[in-house]
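Structural characterization, general
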Amino acid sequence: MTTALYRRYRPDTFQDVIGQEHVTAPLMAALGADRVTHAYLFSGPRGCGKTTSARILARCLNCEQFPTDTPCGQCPSCRDLATGGPGSLDVVEIDAASHNGVDDARDLRERASFAPARDRYKIFILDEAHMVTPQGFNALLKLVEEPPEHVKFIFATTEPDKVIGTIRSRTHHYPFRLVPPDILEDYLGRLCQAEGIGVGPGVFPLVVRAGGGSVRDTLSVMDQLIGGAVDGEVDYQRAVALLGYTDTTLLDSCVDAVAAADGAGVFRVVDRVVTSGHDPRRFVEDLLQRLRDLLVIALAGSEAGPALGSLPADELSRMEGQARTIGAAGLSRAADATAKALDQMVGATSPRLQVELLMARLLLPAESAAPAPQSAAPAAGVPGRSDGVRGGASMPQRAVPSAGGGGPQQPAAPAVAASTGMPAVATAWEGPPAPARDHDAAASDQLRAGAGVAGGAAAPQAVGGAPTGAPEPDRPARPGHDAAPGSMATRPPAQDSPPSAPEQGGSAPAGGAADAEMIRSRWEEVLDAAKRSRRATWALVGPNSQPGGISGGVFQVIFTGQGLVNAFENGGHGPVLAQAIRQALGLELEVHAVLAGPQGGPGGADGPREVGARLGPAAGTAVDRGRAGTPVARGR
């Protein structure tokens, strides 16, 4: 039969107390200078060293070499009060939980009146002092206020607020704290080495987590694992099974399935958790801990080590990949949902149902901050058009006034689908039909708007008046609408239209469109990374730009003014933003600025030229036609 681990390794000096330097250092200074008061109050969580420190203080006070901050260990008092010693008549430990009344206080007062039997002081250690009744404290008040010269009091409690103020004000209060994980892990390593026990990787973090920062609780858990060790070895699987924690393989499978939006994989993990006998609430708690670790890695990067404790290298590498895949924003939303589900599981009659609902919430896509504007269907034969509208180039669209200012306003079309890297193809958005008498003017306005947007330098239009510019060519009336008598609404000849999207080289590569979509969805993370690198870049890009598309390894940032474009290109902000994208998303891209057109896409005097140069000759042809006033094909 062996003694418990926390009893065998109880400290005998202040130097052996771990994690409480803020208490032991001033106590040792007071002892060395002989500035000792008559009453002390030690408070803090259970198992953090309050009673042990009270015994060490008693050893120092009654040591033959006093004043000293380290017991000699040779005198009779030090030997009696050492770990495993018989104790001393002059050091009295009282359990205040069972001796908390007025009669007990009167008995203590009578015992305090007698001189010490052998040592210098008669020391009373009252453990769990908060259990003493107010009447008992009042009975002790006079003795604590003005004790005899040979009497010292040490109160130890986990709830100092329950000790009445008149007692607290007459003591020196030293608050103890929970011990940090890294200190506890080093301490456990030394103890296991002294015991001759081998410990597998990942066991110490589990033990420290189970102990919750309490040294006594941690040593009790470690003692249990050592008792069940096979061939002097404590491995990870045995520790996980004994302590009831979720295996890291289950957590990895769950996080990977959530990151990949794999619903079948997620619910297979839930089924494994339940069928293997794991507690669903403990699984959710462990999942929340994993999400917290991933969020720390996503935000702190390579500096996250101190906040994570000791993790195996392979597990840390997997967690870094998971953090990059999900992103800080996604991890934060998942952690919030998991914490909320953990609160709802208290008293739940069907924990598995709660876990499955949580997994469903984690699989659902994040809701956008603002709904996308409702607009007409994309033009036929232009792949990725809806992606361009949904992406970063979806700025508010201005309406083009109709002739005479009295007809319905028609929104003008965007210049290019910037997010997909497609050639510039102007599309005129269909609006409500104009009255018969204004149909010719409305059709003329739409045609002029399409040509102006595609060219980037359309003829100016008078607000509220008739548009100015060259006469429009004749075209037949639109199908589905009866032209009014005398109206000459016509369609441009088919041979003047630019070739369709497939003839111009097809859609953009899937990787570029996916990367552009990822940048748009995680644009705030890119801005945060840029802010950490160079605040001026963040101040310029954040409020003044929108993320555009990717073409030929170049990512476009869309600005609303030529001055902003010049400031970005001439101020060296492109490499800074490229580095931010690389840090946040792992993408290697060049970054350049383009000017937004009147509809929010790349356009303006210089915007189409740069976009056309990046998109190819076909796009440049469409742009040149727009500048020359030639109508451009309108998609339906």
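Residues numbered from 1 in each chain as written. Predicted model: local features only at pLDDT ≥ 70, side-chain atom pairs only at ≥ 80, totals over all residues. Heavy atoms only, no water.

**Description of the overall build of the chain**
Within the chain one finds 27 helices and 12 strands. A burial count over the chain gives 46% of its 636 residues as buried. For the chain, the proportion of contacts with a sequence separation of at least 24, taken over those separated by at least 6, is 70%. Only carbon and sulfur atoms are counted for the fraction: they give 53% of the accessible area of the chain, which is about 29900 Å². (Helix = DSSP H or I, 4+ residues; strand = E, 2+ residues; numbered from the N terminus. Buried < 20%, exposed > 50% of the residue type's maximum accessible area, 1.4 Å probe, protein only. Contact = heavy atoms within 4.5 Å. Areas by Shrake-Rupley, 256 points an atom, 1.4 Å probe, with all protein chains shown as cover.)

**Things to note about the side chain of lysine 122**
Within the fold, lysine 122 resides in strand β3 (residues 122–127). Classification of lysine 122 as buried rests on a relative accessible area of 9%. Not counting chain neighbours up to four residues away, the residues in contact with lysine 122 comprise Leu89, Asp90, Arg111, Ala112, Phe114, Ala115, Pro116, His150, Val151 and Lys152.

**Remarks on helix α25 (residues 573–585)**
Given 3.6 residues per turn, any residue in an α-helix points the same way as the ones three and four places further on. With 13 residues, α25 extends 18 Å from end C-alpha to end C-alpha; this agrees with the ideal 18 Å at 1.5 Å per step. Buried within α25 are the following residues: His573, Gly574, Val576, Leu577, Ala578, Ala580, Ile581, Ala584 and Leu585. Backbone geometry just downstream of α25 places glycine 586 in the positive-phi region, at approximately 75 degrees. (Expected span 1.5 Å × (residues − 1).)

**Thoughts on the state of the cysteines**
On inspection of all chains with the given rule, the structure shows 0 disulfides. Of all cysteine sulfurs, the one in cysteine 63 lies closest to cysteine 72, which takes part in no disulfide; the gap is 3.5 Å. For cysteine 78, which is in no disulfide, the shortest distance to another cysteine sulfur is to cysteine 75 and amounts to 3.2 Å. Since its relative accessible area comes to 0%, cysteine 78 is described here as buried. (Disulfide = S-S within 2.5 Å.)

**A word on helix α3 (residues 50–62)**
For α3, which comprises 13 residues, the first-to-last C-alpha distance of 19 Å matches the rise-based estimate of 18 Å (1.5 Å per residue) to within 8%. For α3, a buried count of 12 out of 13 residues is recorded, marking the element as mostly surrounded by other parts of the structure. Along its buried surface, α3 packs onto α2 (21–32), β1 (39–43), α4 (76–81), β2 (91–95), β3 and β4 (151–157).

**Things to note about the packing of aromatic side chains**
The final tally for this structure, using the stated rule, is 9 aromatic pairs. Centre to centre, the rings of phenylalanine 66 and tyrosine 121 are 6.5 Å apart; their planes meet at 85 degrees, and the pair counts as edge-to-face. Linking phenylalanine 66 in the loop between α3 and α4 with tyrosine 121 in the loop between α5 (102–112) and β3, this pair joins segments that are 55 residues apart in sequence. Each member of the pair phenylalanine 66 and tyrosine 121 is classed as buried. Their ring planes at 45 degrees and their centres at 5.4 Å tell us that phenylalanine 559 and phenylalanine 568 sit as a pair that is tilted. Of the two residues, phenylalanine 559 and phenylalanine 568, neither departs from the other in class, the shared state being buried. (Phe/Tyr/Trp six-rings, centres within 6.5 Å; stacked < 30°, edge-to-face > 60°.)

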